[in-house]
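Summary of structural features
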Amino acid sequence: MAGDLLPEFFLSTKVGFFPSPTGYTEHSLDPIRLRTAIEATADTLGRIPDIVFLHNPERSIRQGEHRAAHDSLTEACEALQGAARAGLCAGWGISTWDPRSVVNVLCHGRGLAVSPSHLMHRSGVLVSSAVVEGSETLADLLGVARERRWGMSPFAGSTRAPFWDTVNLSPLLSTQRQHSPVEAAFRLAYELPKVGRVAVSVNDPSHLRELVEATRLSVDRTMVDRYRSLLRDRQRPDHRALLRP
Ligand SMILES: NC(=O)c1ccc[n+]([C@@H]2O[C@H](COP(=O)([O-])OP(=O)(O)OC[C@H]3O[C@@H](n4cnc5c(N)ncnc54)[C@H](OP(=O)(O)O)[C@@H]3O)[C@@H](O)[C@H]2O)c1
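Looking up the chain in an unreviewed UniProt entry gives the name NADP-dependent oxidoreductase domain-containing protein, with the organism given as Candidatus Protofrankia californiensis.

Structure follows, in C-alpha cells:
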C-alpha cells in the first residue's frame, strides 16, 4: 500500500487553490486559508510534507496594483514560512506556471522579506523563451540555487500529440544510447532552464522506468546553448521592421 510507503518518500505538495462557494475552485493568497490547508495536509498524510509550494501565486496578483500585490504575496509567503517554523512542513517554496507577473511585483517592490528554499516552474523543449528567462530571473531574485529548482510538466501534460512520434531532439544530446523523443525531452527538461529535479506525471510503470533511464542520457551543452539563443532571438521584436519606410 502506498500509505505504508509514505515515510520513505520525499513528499511535496502545493497550496493556493480552494473550493469556492459556487462549487468550482478559486485561487487565494489569504494567509489564514493557506495555513489551514497546510494543517489539513499534515493531518491527512499522517506526516508532514518535506516541501509545501505556494501554488501559482500569479493567479491572484496578475491584476493587482503593485503595492497591494507585493503585500499579498509577502503575507502568503510569510504564512508558509510560519507553517515551516511551526513544524507543519520541513520547508516551503513557490511554484509558478508563468513567473513573469511575480518577477514584475518583486522588481517593483522591495524584494521578499522571507526566502523560499525551493522554486518550481515549467521546463523543457515546449516552454517559451519568455518563461525560461522569467524563471531564471525569479530564481535569482529569490536566491534559489539550481539544485533547489524543480522543473515541471516536461511534456506540457501529454505525450499523445503526433509530433512526439516524429520530433528529432537527438542533435541536442551527445549519446549513442537508443532513446525515444519523449526520453530526450525528459532529459532536456533538466537543462531548459537548468533545474535539479523534474516533476512529471506518470501512471504507467514502464514509462517511469524509461524516464529513470533517460536521466542518464548525455547532453550536448553547446547545442543546448545554441537552441536557447535561437529561441531568444525568435522572441525578440524584429527591429528590421522598424526600418521599413
Ligand atoms: N502549477 C501548475 O499550474 C501546474 C500545471 C500542470 C502541471 N504541474 C506540475 O507538473 C507535473 C507534471 O506535469 P503534467 O501533469 O502537466 O504532465 P507531464 O508530466 O508533462 O506529462 C504527463 C504525461 O506524460 C506521459 N508520459 C510520461 N512518461 C512517458 C514515457 N516514458 N513515454 C510516453 N509517455 C510518457 C504520461 O503518461 P502515463 O500517465 O500514461 O504514464 C502522462 O500522460 C504535475 O505533477 C504538477 O506538479 C503544475
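Moving on, we get to the overall build of the chain. Within the chain, the secondary structure is distributed over 11 helices and eight strands. For the chain, the C-alpha atoms occupy an extent of roughly 60 × 50 × 35 Å along the three principal directions. When the 245 residues of the chain are sorted by exposure, 42% land in the buried category. Across the chain, contacts joining residues at least 24 apart in sequence account for 78% of those joining residues at least 6 apart. For the chain, the accessible area works out to roughly 13800 Å², and carbon and sulfur atoms hold 52% of it. Across the chain, the centroid of the 29 positively charged side chains sits 5 Å from that of the 27 negatively charged ones.

Here we come to the site of the ligand. The ligand sits among 22 residues. The nearest are Asn56, Ser153, Phe155, Thr159 and His207. The backbone of Ala156 places a nitrogen or oxygen atom 3.3 Å from an oxygen atom of the ligand. When isolated, the ligand has an accessible area of 920 Å², and the protein chains bury 78% of it. Classifying every residue of the shell around the ligand by side-chain character gives 10 nonpolar, nine polar and three charged. Two domains each provide a minimum of three residues to the shell around the ligand, namely domain 1 (11-99) and domain 2 (117-233).

Residue placement: Gly82 occurs in helix H4 (residues 66-85). Using a relative accessible area of 26% as the deciding quantity, one classes Gly82 as partly exposed. Counting along the chain gives 31 residues from Gly82 to Ile51, while the straight-line C-alpha distance between them is 13 Å.

Within helix H5 (residues 100-108), burial applies to Ser101, Val102, Val103, Val105 and Leu106. Residues of H5 that are buried in the fold lie against helix H3 (58-61), H4 and helix H6 (129-142).

Reading the values: the criteria
- Residues numbered from 1 in each chain as written.
- Predicted model: local features only at pLDDT ≥ 70, side-chain atom pairs only at ≥ 80, totals over all residues.
- Heavy atoms only, no water.
- Helix = DSSP H or I, 4+ residues; strand = E, 2+ residues; numbered from the N terminus.
- Buried < 20%, exposed > 50% of the residue type's maximum accessible area, 1.4 Å probe, protein only.
- Contact = heavy atoms within 4.5 Å.
- Areas by Shrake-Rupley, 256 points an atom, 1.4 Å probe, with all protein chains shown as cover.
- Lys, Arg positive; Asp, Glu negative; His and termini not counted.
- Charge placed at Lys NZ, Arg CZ, Asp CG, Glu CD.
- Near = heavy atom within 4 Å.
- Polar contact = N/O pair within 3.5 Å; in protein donor to acceptor, adjacent residues only side chain to side chain.
- Nonpolar A, V, L, I, M, F, W, Y, C, P; charged D, E, K, R; others polar.
- Domains from an automatic or database assignment.

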